[in-house]
Amino acid sequence: MSKVYLVLQDNDVSRYILEAVEEDNPEITIIHNPAMIRIEAENYMVVNRETVEEKLGRDWDVQELHLNLVTLGGNVDEDDERLTLTWNE
Amino acid sequence: MAAKKLNMKEKYRLLTRDLDWEFSYADRKKAFPFEEFEGIKITDWSKWEDPFRLTMDSYWKYQAEKEKKLYAIFDAFSQNNAHLNVSDPRYINAIKIFLTGITPLEYQAYQGFAHTGRQFGGVGARVACQMQSLDELRHVQTQVHAMSHYNKFFDGFKEWTHMQDRVWYLSVAKSFFNDARSGGPFEFLVAIGFSFEYVLTNLVFVPFMSGAAYNGDMATVTFGFSAQSDEARHMTLGLEVIKFLLEQHEDNVPIVQKWIDKWFWRGSRLLSVVAMMMDYMLPNKVMSWKEGWEVYFEEAGGALFKDLARYGIRMPKYAEQIRKEKEHISHQTWWTFYTYGQAAGFHTWIPTDEELDWLSEKYPNTFDKYYRPRWEYAKKLEAEGKRFYNGTLPQLCTTCQIPLLFTEMDDPTLTAHRCSHYKGDQYHFCSDGCKDVFEEEPEKYVQSWLPVHQIYQGNCGGPGLPEILQDYYRFEMGADNMDMKGSPDEARWKQWKGVA
Amino acid sequence: MPVYALKPDYTGEIKDRVENFHGNQLVYIGWDHHLLFSSPFSLLAPIGMRFDVFFKEIVSNAFSQHPEWDQIDWSSVTWLLDGQPFIPQPEVSLGDQGINHKSFLRFQTPGLTGIAGAGI
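The rules we used
- Residues numbered from 1 in each chain as written.
- Chains lettered and ligands numbered in written order.
- Predicted model: local features only at pLDDT ≥ 70, side-chain atom pairs only at ≥ 80, totals over all residues.
- Heavy atoms only, no water.
- Helix = DSSP H or I, 4+ residues; strand = E, 2+ residues; numbered from the N terminus.
- Rg over C-alpha atoms; globule rule 2.2 N^0.38 Å.
- Contact = heavy atoms within 4.5 Å.
- Areas by Shrake-Rupley, 256 points an atom, 1.4 Å probe, with all protein chains shown as cover.
- Buried < 20%, exposed > 50% of the residue type's maximum accessible area, 1.4 Å probe, protein only.
- Pairing = 2+ DSSP bridges.
- Axes fitted to C-alpha atoms, helices over the stretch in contact; angles between N-to-C directions.
- Salt bridge = Lys/Arg side-chain N within 4 Å of Asp/Glu carboxyl O.

A. Summary view of the overall build of chain A. Scanning chain A for helices and strands turns up 2 helices and 7 strands. Listing the helices and strands of chain A from first to last along the sequence gives β-α-β-β-β-α-β-β-β. What you see for chain A is a C-alpha radius of gyration of 12 Å, in line with the 12 Å of a compact globule of 89 residues. Counted over contacts in chain A with a minimum sequence separation of 6, partners at least 24 positions apart contribute 64%. Surface accessibility of chain A: about 3600 Å² in total, with carbon and sulfur atoms responsible for 41%.

B. How the structure looks around unusual backbone geometry. Each neighbour pair has its own omega, and for G462 of chain B with P463 of chain B the value is 15°, a cis peptide bond. Tracing the sequence through the fold places P463 of chain B in the loop between α20 (451-456) and α21 (465-472). A positive phi angle, near 70°, is found at Q401 of chain B, a position not held by glycine. Judged by its relative accessible area of 4%, Q401 of chain B falls in the buried class. Look at K102 of chain C: it is not a glycine, yet its phi comes out positive at around 70°. Its location among the elements puts K102 of chain C in the loop between β4 (84-86) and β5 (103-108). A residue is classified by how much of its surface remains accessible, and K102 of chain C, at 2% relative accessible area, is buried.

C. Expanded view of the pairing of strand β2 (residues 411-415) of chain B. Residue and element names in this part refer to chain B. Summarising burial for β2: 4 of the 5 residues are buried, a large majority. Relative to β2, strand β1 (residues 407-408) runs antiparallel, the two sharing 2 bridges. By the bridge assignment for β2, T407 is matched with T415. The turn linking β1 back onto β2 is made up of 2 residues.

D. Region of the structure containing the sheet that holds β5 of chain C. All names here are of chain C. Across the sheet, 5 strands lie side by side as β2-β1-β5-β3-β4; this open sheet has mixed pairing. Edge positions in the sheet fall to β2 (41-46) and β4, since each has one partner strand and no second. Strand-to-strand twist of the sheet, defined as the mean angle between neighbouring strand axes without regard to direction, takes the value 35°. Relative to β5, strand β1 (residues 24-31) is paired through 5 bridges, and the arrangement is parallel.

E. Seen up close, the pattern of salt bridges. All names here are of chain B. According to the stated counting rule, one finds 62 salt bridges over all chains in the structure shown. As a salt-bridge pair, K96 and D489 come within 2.7 Å of each other at their nearest N and O atoms. One end of the pair, K96, is in helix α4 (residues 92-119); the other, D489, is in helix α22 (residues 488-497), and 393 residues separate them in sequence. The pair formed by K96 and D489 is uniform in burial state, with each residue classed as buried.

F. Up close: the pairing of strand β1 (residues 3-9) of chain A. All names here are of chain A. Along β1, 6 of the 7 residues are buried, which leaves the element largely enclosed by surrounding structure. The sheet contact formed by β1 and strand β3 (residues 36-42) spans 7 bridges and is antiparallel. Counted as the bridge partner of Q9 is M36 from β3. Bridge analysis of β1 against strand β5 (residues 69-73) gives 4 bridges, and the strand direction is antiparallel. Pairing of L8 across the sheet is with L69, part of β5.

Here you go:
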């Protein structure tokens, strides 16, 4: 198994994104470092627009993720509904 | 009837499919003269796809938002004299290395991607390179703005553009990018877009920046994370580049592998300075270089190469050597800068006792055995008023241009040295990796501008080291260089903080 | 292949030809297992300089800060010149004993294990 990861700036919006990621990805590991939050999962992770909007209580464009993103690892696929990170084994 | 709102995929398709033109009367090869000489075969450029599907309108929109956030923080930082909030004035020296050593690389990346983007026949690749080129220029600008605040209060910042082309250790970073940019466009993408961005910039912009935050440097962490959010896009493109090249033609596989071997090695060598910044220059510690390396190189790189194995790509050639070196390189590098502290454009120092203990804890296999005794000896000399400075110029590696400061991994007190002959001259290297790079293209590296040799050829003024440092490098002697103890930086800090 | 270049038969300018050193040559020298000096040195010496002069005027200066330098028993020292065992001849010029431009000398001092016995 390989880890895909998403690192977010530790701020207000990221907290809701993290909540959404937690809800949609049952088995993730969250690591807090100064100023950043690192989220890891085995092979696959998804960030769904709908879940983030529900948590934030407002419209959210998947591309807005870049405003709070620090780095990521894995094959990316992004469309209007979601961003996914995947490793192929 | 209102126009149908396009979704992201449709917008991206229109941007990258319908903006190209047919070469009906001109020779396409003459329009893209760099496309073939490296041996890479492209059969269908339309297979290139940006997984973020970023179009120019979205690009400008989100980059503008990033900039607004960033500059609001710079303003607040500056208006509140936040340089006084950093953990320890020694920390600022890491930021001097950033401005003099790393920011110019952003500028080279900007130039490199602008050139490379022009050379590709596919629109998707051209658009991606153009965006990346703009990102890199943004990074230069934001870094200069952030650090201009420090330049008002600390030494060592003001001559960064002048120093870039002259100072011995800055030639390491400069020549790294010159090497990539003087390759063909595909090598440049594998070198910078993939090898450097995918694994190595993470180490600069994630654990080091988290460390900047932990040391109270709001400006640096903010530009760092803002830059890295662009890098996240670059990394993704870097990975897509590799997959694209490997899927286009099987003949591309060994060429790409050769470049991966070369550029992971070159990148690992370049990062030895970041290793020392992490372990020795962050007074408040987040993680050791070794720990950062394990997460961002071994774990992230391991996952990456497992994913690429289906194309016939294996781990970079010297991965095993690199794995062993993580226990040593930060210590060997900081010792070099400490002992050549008169020739460094920033301050150096002996770690405090607490820091020595932290290093022992983080490097149980190596620190007490090989490196702590050096600091104990340096402390003894300092206490006697004889702070150690090495006055003789070092031997440099022809490829990475770093002094031969790395040791054999099975004998860590023996300097590693390799040698090659070409057209009647000898060339010297720090490692098998650097020797391989030379032997693949000796006509390129016989041109290395090695700072020590240039000094001895009389091309850097002189005659003595003090004149070279002062006049050729434009160091303000005693202010920009030498030990932290007794420096004007230290005196000013004490005055601001009201300590004797 | 000596280079991958757009132009056929591309060659590079050799930056460190001996002719560029104005009558001098480069000699590299390292003291094994003594990493007070973090790397070997690059030294500049006139072509034709005798080894004993080179040693006394140039090499000694470079290494003399080391507390073990004065303790070296030169009769037991072993040398490598460009990787091969070598015995320096004091009264012979560098070039006449094969120490050429960009040659690398390294020497070992048995019994001296560096400061604190740690290879420093």
